[in-house]
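Structure assessment
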Amino acid sequence: MATPTVLYNKEGPVAWVTLNRPHVLNAYNMAMRDELYTTLEAVRDDPEVRGVILAGAGERAFCAGADLTEFGAAPSQAIARQVRWERDVWGLFLGMDKPMVAAVHGYVLGSGVEMALLCDLRIAAEDALFGLPETALGLIPAAGGTQTLPRCIGVAEALDLLLTGRRLSAAEAFGLGLVTQVMPRRQLHEQARLTLERIIRTDPAALASAKRAVHEGLDMPLGEALALEERLAGGLLHQGKRGSRRAGRPAP
Ligand code: COA
């Protein structure tokens, strides 16, 4: 049987999703795309899972970008399929109402950066090295990077990284707000677990609503976004009242 390109381990309410092609620095190929899709669906649909950590196997990389050996090699039907999978995988990331933490180390290039950006929080090991080399290859990021990066670090910094393709260290990524914590490599996974465990102590509906308010709200004019926030806040209040009535307590 072929080695899985994505590993899925459940530790209580925490789902570990690990990119698993360490011999090629976890380069993202079509098999990985298909397996990531199936894994994320399983994560989404499993009521026991409260949150997700996305990591890379091996010592050298979280993900060194799209698998360059597949570029230009696929017949057109396969390219069409690739595009479809791409859209669906990124859609699954974006539609996930459970908190997602990316724990990145080593090379974090191209779609590696983009996958991390599709998570809610990014924690980096001190050895992480980030970059978006697509334009140097005659391409542009196609896993949302041209949109998620400026939303995360601002337009000027995003254009700098996208146009120059320059590499940046974990410390610089922290300075730009691309990652929220930097850890010694040996503490990376433990820190990701602690961070996620702290988050998922909270009410899942509140977490899902906070994610929706931020992600959807950023794409709306301020007035609409504030109305969305009000609706989501009202929905939680309503739910809370129903819950306290069921429990025989007066509503707050
Ligand atoms: N696609 C396919 N294979 C890749 C890969 C990718 N994106 N990135 C690395 N690999 C493979 C290498 O071909 C090599 O395989 P081999 O041992 O069979 O020759 C193995 O991973 C190790 O990489 P190597 O290049 O030997 O390591 P290095 O330390 O010399 O360089 C990098 C590391 C990341 C600088 C270099 O591998 C690189 O530039 N990779 C491509 C990054 C990229 O452009 N990604 C695409 C973004 S769109």
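All of the points below concern the structure found in this document. (Residues numbered from 1 in each chain as written. Predicted model: local features only at pLDDT ≥ 70, side-chain atom pairs only at ≥ 80, totals over all residues. Heavy atoms only, no water.)

Looking at the pairing of strand E1 (residues 6-11)
As judged from the six bridges shared by E1 and strand E2 (residues 14-19), these two strands associate in the antiparallel manner. Along E2, the bridge assignment pairs Tyr8 with Val17. In this antiparallel pair of consecutive strands, E1 and E2, the connection spans two residues, and Gly12 shows a positive phi of 60°. (Pairing = 2+ DSSP bridges. Helix = DSSP H or I, 4+ residues; strand = E, 2+ residues; numbered from the N terminus.)

Looking at the packing of helix H4 (residues 145-153) against helix H5 (residues 155-164)
Packing of H4 against H5 brings their axes to within 7 Å, and their N-to-C directions diverge by 135°. In terms of their interaxial angle, H4 and H5 are classed as oblique. As for the relative orientation of H4 and H5, their crossing is right-handed in sense. Contacts between H4 and H5 involve Thr146, Leu149, Pro150 and Ile153 from the former and Val155, Glu157, Ala158, Leu161 and Leu162 from the latter. For the contact of H4 with H5, a count of residues per class yields seven nonpolar, one polar and one charged. (Axes fitted to C-alpha atoms, helices over the stretch in contact; angles between N-to-C directions. Parallel < 35°, antiparallel > 145°, perpendicular 65-115°, else oblique. Left-handed = near helix turned anticlockwise from the far one by under 90°. Contact = heavy atoms within 4.5 Å. Nonpolar A, V, L, I, M, F, W, Y, C, P; charged D, E, K, R; others polar.)

Description of the pairing of E2
Of all six residues in E2, six are buried; the element is thus mostly enclosed. Side-chain alternation along E2 places Val14, Trp16 and Thr18 on one buried face and Ala15, Val17 and Leu19 on a second face that is also buried. Relative to strand E3 (residues 51-56), E2 runs parallel, the two being bridged by six bridges. Each bridged residue has a counterpart across the sheet, and for Trp16 the counterpart in E3 is Ile53. (Buried < 20%, exposed > 50% of the residue type's maximum accessible area, 1.4 Å probe, protein only.)

A short note on H4
Gly145, Thr148, Leu149 and Ile153 are the residues of H4 that are buried. Axial view of H4: buried residues confined to an arc of 100°, hence all on one face. Check the buried side of H4 and you find it contacts helix H3 (111-117), H5 and helix H6 (170-176). In the stretch just after H4, Gly154 is the one whose phi turns positive, near 95°. (Arc of directions from axis to C-beta.)

Considering the site of the ligand
Neighbouring the ligand are 15 residues; Val24, Arg60, Ala64, Ala66 and Leu68 lie closest to it. A distance of 2.3 Å separates an oxygen atom of the ligand from a polar side-chain atom of Arg60. In isolation the ligand offers 860 Å² of accessible surface; the protein chains occlude 60% of this area. For the shell around the ligand, the residue count by class is ten nonpolar, one polar and four charged. (Near = heavy atom within 4 Å. Polar contact = N/O pair within 3.5 Å; in protein donor to acceptor, adjacent residues only side chain to side chain. Areas by Shrake-Rupley, 256 points an atom, 1.4 Å probe, with all protein chains shown as cover.)

Re the sheet that holds strand E6 (residues 107-109)
The sheet built from four strands is open, its strands ordered E4-E6-E8-E9 with mixed pairing. Each of the sheet's edge strands pairs with one partner strand only, and the pair in question is strand E4 (61-63) and strand E9 (168-169). Note: E4 against E6, two bridges, orientation parallel. Bridging across to E6, Cys63 finds its partner in Val108.

Comments concerning the layout of surface pockets
Empty space left among the atoms is revealed by rolling a probe the size of a water molecule over them. One number sums up the size of the second largest pocket: a volume of about 470 Å³. As for the second largest pocket, its lining consists of 22 residues, and the residues nearest its centre are Leu94, Leu117, Thr148, Arg151 and His215. Of all elements in the fold, only helix H2 (76-95), H4 and helix H8 (204-217) reach the threshold of two or more residues within the lining of the second largest pocket. Residue contributions to the lining of the second largest pocket peak at five residues, all from H8. Its residues assigned to classes, the lining of the second largest pocket shows ten nonpolar, four polar and eight charged. Domain assignment of the residues forming the lining of the second largest pocket places at least three in each of domain 1 (6-199) and domain 2 (204-246). (1 Å grid on protein atoms, 1.4 Å probe; cavity = no way out; pocket = protein on both sides within 12 Å on 5 of 7 lines; lining within 4 Å. Points joined across faces, edges and corners; volume = space filled by probe spheres on them. Domains from an automatic or database assignment.)

A look at the sheet that holds strand E5 (residues 100-104)
One open sheet holds the six strands; their spatial order is E1-E2-E3-E5-E7-E10, and the pairing between them is mixed. The sheet is open, and its two borders are formed by E1 and strand E10 (181-183), each paired with just one other strand. Neighbour-to-neighbour, the strand axes of this sheet turn through a mean angle of 20°, independent of strand direction. For strand E7 (residues 121-125) and E10, the ladder comprises three bridges, and the chain directions are parallel.

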